[in-house]
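# Structural overview
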Amino acid sequence: MDTYTSKDLPLFPNLKLAVVGHVEWISFIGVKGLPKPGDIIHASNFREEPAGGGAVAAIQLGKLTKQTVHFFTSLGKDRNGIESYKKLEDNGLKLHVAWKDEPTRKGISFVDEKGERTITVIGKRLQPTSNDSLPWQILDGFDGIFITATDAKGIQLCRNAKNIVATPRVGVQTLKEANIELDALVGSALDLAEQIPIMDLYPQPKKQVATEGAQGGYVIPGGRYKAVKLNHKIIDSYGCGDSFAAGLTAGLAAGWEINKALNLAAKCGAICTTFFGPYI
């Protein structure tokens, strides 16, 4: 296992990368421990950011590769949606937004002293779809796309990219209806919502990656891979899985073999635990 810092992450060739997915306006609240019924607790830390899997992965890809990342997403025409747009743009993303007459989904992430997060989401998840007036055609020939939320045809519109990585949270039925071969399907082996039996999908993804936190994880085909060694206290585990997926997407887009891409992904996930909130 490696000991590393963010300065050890590699330089990438010129890549065309995109994320197709969702945004959630999240309040991050540091607490000593989760409240019990009737408790009144005091926050030790507080931060609000546009987060959710799509936003976290897109920003991670941009910081990792130091290149412009295109982000196809959907936001409500409300204060949280407008503020999300501003903050995501400030983080260097090229935004393609389907604006909706619905509220942007909100959430609360309680983060305890051990860095474990407990999330409550509020409202409907907004997602970009094939029917939205978005420049889907520009994705043809992209080196890598990570998908967290869209419809089946939206996935199909991404297929002309060289590499497509998706999370099971897209939905098993949506993945079935898309009926395309993913280059990788990546999700948590510790989260029931992200466990899709690979035999349920046809065509089956070229690689199925299941993460197990500090225990590493496994890839099918290929076997187990190791986690990296942390030389710091875990501050906040929010966004680790999406940061991992961003690293995997970047590695595959750069043409790396799977073990090298997994090692980078593990580093990205571990680095995400070193700060409070979804990204620096």
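Thresholds applied
Residues numbered from 1 in each chain as written. Predicted model: local features only at pLDDT ≥ 70, side-chain atom pairs only at ≥ 80, totals over all residues. Heavy atoms only, no water. Helix = DSSP H or I, 4+ residues; strand = E, 2+ residues; numbered from the N terminus. Rg over C-alpha atoms; globule rule 2.2 N^0.38 Å. Buried < 20%, exposed > 50% of the residue type's maximum accessible area, 1.4 Å probe, protein only. Contact = heavy atoms within 4.5 Å. UniProt positions renumbered as here; feature names shortened; annotations may be inferred. Pairing = 2+ DSSP bridges. Axes fitted to C-alpha atoms, helices over the stretch in contact; angles between N-to-C directions. Disulfide = S-S within 2.5 Å. Left-handed = near helix turned anticlockwise from the far one by under 90°. Nonpolar A, V, L, I, M, F, W, Y, C, P; charged D, E, K, R; others polar. Expected span 1.5 Å × (residues − 1). Polar contact = N/O pair within 3.5 Å; in protein donor to acceptor, adjacent residues only side chain to side chain.

## Considerations on the overall build of the protein
Of the regular secondary structure elements, the protein holds 6 helices and 13 strands. Taken against the 2.2 N^0.38 rule, which gives 19 Å for 280 residues, the C-alpha radius of gyration of the protein at 18 Å falls within 12% of a compact globule. With the principal axes as the frame, the protein shows a C-alpha extent of 50 × 50 × 35 Å. Sorting the 280 residues of the protein into buried and exposed places 54% on the buried side. For the protein, restricting intrachain contacts to residue pairs at least 6 apart in sequence, the fraction spanning at least 24 positions comes to 60%.

## Remarks on the UniProt feature "domain: Carbohydrate kinase PfkB" (unreviewed entry) in the protein
Under the present numbering, the feature "domain: Carbohydrate kinase PfkB" (unreviewed entry) in UniProt falls on residues 16-277. Between the C-alpha atoms that bound residues 16-277 there is a distance of 27 Å. The span itself is 26% helix and 26% strand.

## Here we look at the sheet that holds strand E3 (residues 45-51)
Taken in spatial order, the 4 strands of this open sheet run E3-E2-E6-E7, and their pairing is mixed. Here the strands that pair on one side only, and so sit at the sheet edges, are E3 and strand E7 (117-122). The sheet shows a mean angle of 20° between the axes of neighbouring strands, direction not considered. The pairing of strand E2 (residues 24-30) with E3 spans 7 bridges and is antiparallel. Looking at the pairing, glutamate 24 lines up with alanine 51 of E3. The strands touched by helix H1 (residues 52-65) are E2 and E3; relative to E3, the strand with the most contacts, the crossing angle is about 90°. On the sheet, helix H2 (residues 79-90) packs against E2, E3 and strand E6 (106-111) and is oriented at approximately 85° with respect to E3.

## Some points on the sheet that holds strand E9 (residues 164-166)
Through backbone hydrogen bonds, the strands of a sheet pair up, either in parallel or in antiparallel fashion. Spatially, 9 strands are ordered E5-E4-E1-E8-E9-E10-E11-E12-E13 in an open sheet, and the strand pairing comes out mixed. The strands lining the two open edges of the sheet, one partner per strand, are strand E5 (94-100) and strand E13 (223-225). Direction aside, the axes of adjacent strands within the sheet are offset by 20° on average. Two strands pair when backbone bridges link them, and strand E4 (residues 69-76) and E5 are joined in this way by 7 bridges, in the parallel orientation. Paired with histidine 70 across the strands is lysine 94, a residue of E5. Here H2 sits on the sheet in contact with E4 and E5, set at roughly 175° to E5.

## Some thoughts on the state of the cysteines
Taken as a whole and judged by the stated rule, the model has 0 disulfides. Cysteine 272 provides the cysteine sulfur closest to cysteine 240, a residue in no disulfide bond, and the two sulfurs are 4.3 Å apart.

## Topic: the packing of helix H5 (residues 240-253) against helix H6 (residues 258-271)
Taken N-terminus to C-terminus, the directions of H5 and H6 make an angle of 150°; their axes are 7 Å apart at the nearest point. The handedness of the crossing between H5 and H6 comes out as right-handed. Packed against H5, whose contacting residues are Cys240, Ser243, Phe244, Gly247, Leu248, Gly251 and Leu252, the element H6 presents Ile258, Ala261, Leu262, Leu264, Ala265, Ala266, Cys268 and Gly269 at the interface. Here the contact of H5 with H6 is composed, by residue class, of 11 nonpolar, 4 polar and no charged.

## Some words on H6
The end-to-end C-alpha distance of H6, which contains 14 residues, comes to 20 Å, matching closely the 20 Å that a straight helix rising 1.5 Å per residue would cover. What H6 keeps buried is the set Ile258, Ala261, Leu262, Leu264, Ala265, Ala266, Lys267, Cys268, Gly269, Ala270 and Ile271. Of the surrounding secondary structure, the elements contacted by the buried residues of H6 are H1, strand E11 (208-211), strand E12 (217-220), E13 and H5. Residue glutamate 257 occupies the N-cap position of H6, its side-chain oxygen lying 2.9 Å from the main-chain nitrogen of asparagine 259.

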